[in-house]
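Results of the structural survey
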Amino acid sequence: MTETVRKLEPETVERIAAGEVVTRPASVVKELIENSLDAGAESIRVEVDGDGTAMLKVADDGHGMSEADATLAVDHHTTSKLGESSDLERVSTLGFRGEALPSIAAVATLDVTTNDGGPRGTRVLVEGGETTTSPAGRATGTTVEVRDLFHNRPARRKSLSSTQAEFGRVSDVVSRYALLHPDVRFRLRHDGREVFSTPGSGSYTDAVLGVYDRTVAGQSTTFAHETAVSVDGDDHSLTVDGLLVYPSVTRSRRDHVHVAVNGRTVGNAGLKRAVVSGYGTLLPQGREPIAVVSVSLSPQLVDANVHPSKDEVAFLDGDAVESAVEEAVHEAVTTADLRQSGEVAM
Ligand code: ADP
Ligand code: MG
């Protein structure tokens, strides 16, 4: 028997790529929220039925799309965000692959209604491989509704967890973006009921109040720290800001440490560890903090293109970034802690 190396059919490539970006309802919601943020939305509404496979929807008041753009957007590798390939080295938008909408359309019914400020809007419906475009009434902004997710991927569908667990993941994604983008108003509804909302006031404390509760928000301090990191002899400014909940309110797991790099929520374990190290010995043994930490630095120092889901970013100098985060957190937490316990006269 001889093995032959063959080039994959384009359709197979598409299915593989779609599988990487769209793994579960929460990953769809993440992509759609990132698109809304890239469109400059001030308000983002997320609605989910059940585990999200029957219906999930993200509506925004961003700049919307023209009819031509909306039709193009559901196609492969079409993006309004990357011009030349050199742009990849300094990505400032959350999206840039032009893969999310077509990947979703490959495994679900995709129903986009959008208006870029014209007298009327456009609806683009992709169902069973067919794309239909029609006029639609809508205020400026975009609504993306996804139905029957994984209807043609029985194995993927079967691999999903319980409704509660899948919705929990969706809720985590929305919470994380709401906390890290306090200037945007977020609302999450599940089976017709409001789960939480944030006011979009720009205050981290208000966002924490919306996502958590009064106890958590009341036991917290906001902070902002600016420093410089030196890479290849060049100094680049780096800011770390956010909110730290006092060590009097902790959790047993690290998933309440919310981190973003240039507005993108990331799962980077190293950054989370840096936040926890910043709390140092103030944290009771075996407990994890609740923290919202936003890191901003020159896009040239970040490579967001390390994974299709863009959940991880790589830094040109990860150690420098991590120590800056640790230092910022340590400074904020120790100052606040001393002030709270009255040991420092302010
Ligand atoms: P990417 O975000 O990587 O560019 P997507 O497939 O997610 O790729 O989206 C394709 C294009 O569709 C985007 O570049 C953008 O021009 C347009 N788009 C998608 N969602 C929205 C939205 N909510 N508002 C305005 N434009 C959008
Ligand atoms: Mg996108």
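Residues numbered from 1 in each chain as written. Chains lettered and ligands numbered in written order. Predicted model: local features only at pLDDT ≥ 70, side-chain atom pairs only at ≥ 80, totals over all residues.

Put simply, the rule reads: UniProt positions are given in the numbering used here, feature names are shortened, and annotations may be inferred rather than shown by experiment.
The name an unreviewed UniProt entry assigns to the protein is DNA mismatch repair protein MutL, from the organism Halogranum gelatinilyticum. Under the Function (unreviewed entry) heading, UniProt states for the protein: "This protein is involved in the repair of mismatches in DNA. It is required for dam-dependent methyl-directed DNA mismatch repair. May act as a 'molecular matchmaker', a protein that promotes the formation of a stable complex between two or more DNA-binding proteins in an ATP-dependent manner without itself being part of a final effector complex."

Notes on the sheet that holds strand β9 (residues 220-231)
Neighbouring strands of a sheet are bound in pairs by backbone hydrogen bonds; such pairs are parallel or else antiparallel. For clarity, the cut-off: Strands pair, by our definition, only if DSSP identifies at least two bridges between them. The numbering of helices and of strands both runs from the N terminus, where a helix is a DSSP run of H or I of at least 4 residues and a strand a run of E of at least 2. Here the contact rule is simple: place C-beta atoms from the backbone, and any two residues whose C-beta atoms are within 7 Å are in contact. The convention used is that axes are lines fitted to C-alpha atoms, helices contributing only their stretch in contact, and that angles between N-to-C directions extend from 0 to 180 degrees.
Taken in spatial order, the five strands make up an open sheet running β9-β10-β13-β11-β12, and their pairing is mixed. Each having just a single partner strand, β9 and β12 (264-265) make up the two edges of the open sheet. The strands that helix α9 (residues 269-279) touches are β11 (257-261) and β13 (291-297); relative to β11, the one it contacts most, it runs at about 125 degrees.

Observations concerning the nonpolar core
This is how the line gets drawn: Buried Ala, Val, Leu, Ile, Met, Phe, Trp, Tyr and Cys residues form a nonpolar core when they are connected through C-beta atoms within 7 Å. Residues with at least 20 neighbouring C-beta atoms inside 10 Å of their own are called buried, those with 12 or fewer are called exposed, and the rest are partly exposed, where every C-beta is derived from the backbone. Source of the domain bounds: an automatic or database domain assignment.
Counting residues in hydrophobic clusters, the biggest one holds 83 residues, and the most contacted among them are Val-29, Ile-104, Val-174, Val-275, Val-293, Val-325 and Val-329. Broken down by element, the residue count for this core peaks at eight residues, all from helix α6 (residues 163-180). Residues lining this core come from more than one domain, with at least three contributed by each of domain 1 (10-197) and domain 2 (218-340). With sequence-adjacent residues up to four places away left out, Val-29 is seen in contact with Val-46, Leu-56, Val-58, Val-170, Val-173 and Val-174.

A closer look at the pairing of strand β1 (residues 43-49)
Bridging between β1 and strand β7 (residues 185-190) involves six bridges; their strand directions are parallel. What sits directly across from Ser-43, in β7, is Arg-185. Across six bridges, β1 lies against strand β2 (residues 55-60) in antiparallel orientation. Each bridged residue has a counterpart across the sheet, and for Glu-47 the counterpart in β2 is Lys-57. As consecutive antiparallel partners, β1 and β2 are separated by five residues, and within that stretch Gly-50 has a phi angle of approximately 55 degrees, a positive value.

Some remarks on the packing of α6 against helix α7 (residues 204-211)
Let me state the cut-off plainly: Note on angle classes: values under 35 degrees are labelled roughly parallel, values over 145 roughly antiparallel, values of 65 to 115 roughly perpendicular, and the remainder oblique. Handedness of each helix crossing follows the sense of rotation of the near helix against the far helix: counterclockwise by less than a right angle gives left-handed, clockwise gives right-handed. Residue polarity is assigned by list, with Asp, Glu, Lys and Arg as charged and Ala, Val, Leu, Ile, Met, Phe, Trp, Tyr, Cys and Pro as nonpolar; anything else, Gly included, falls into the polar class.
Between α6 and α7, the shortest axis-to-axis distance is 8 Å and the interhelical angle comes to 160 degrees. Considering the angle they form, α6 stands roughly antiparallel to α7. Between α6 and α7 lies a crossing of right-handed hand. Contacts between α6 and α7 involve Ser-175, Ala-178 and Leu-179 on the former and, on the latter, Ala-207, Val-208, Gly-210 and Val-211. Of the residues belonging to the contact of α6 with α7, the class tally is five nonpolar, two polar and no charged.

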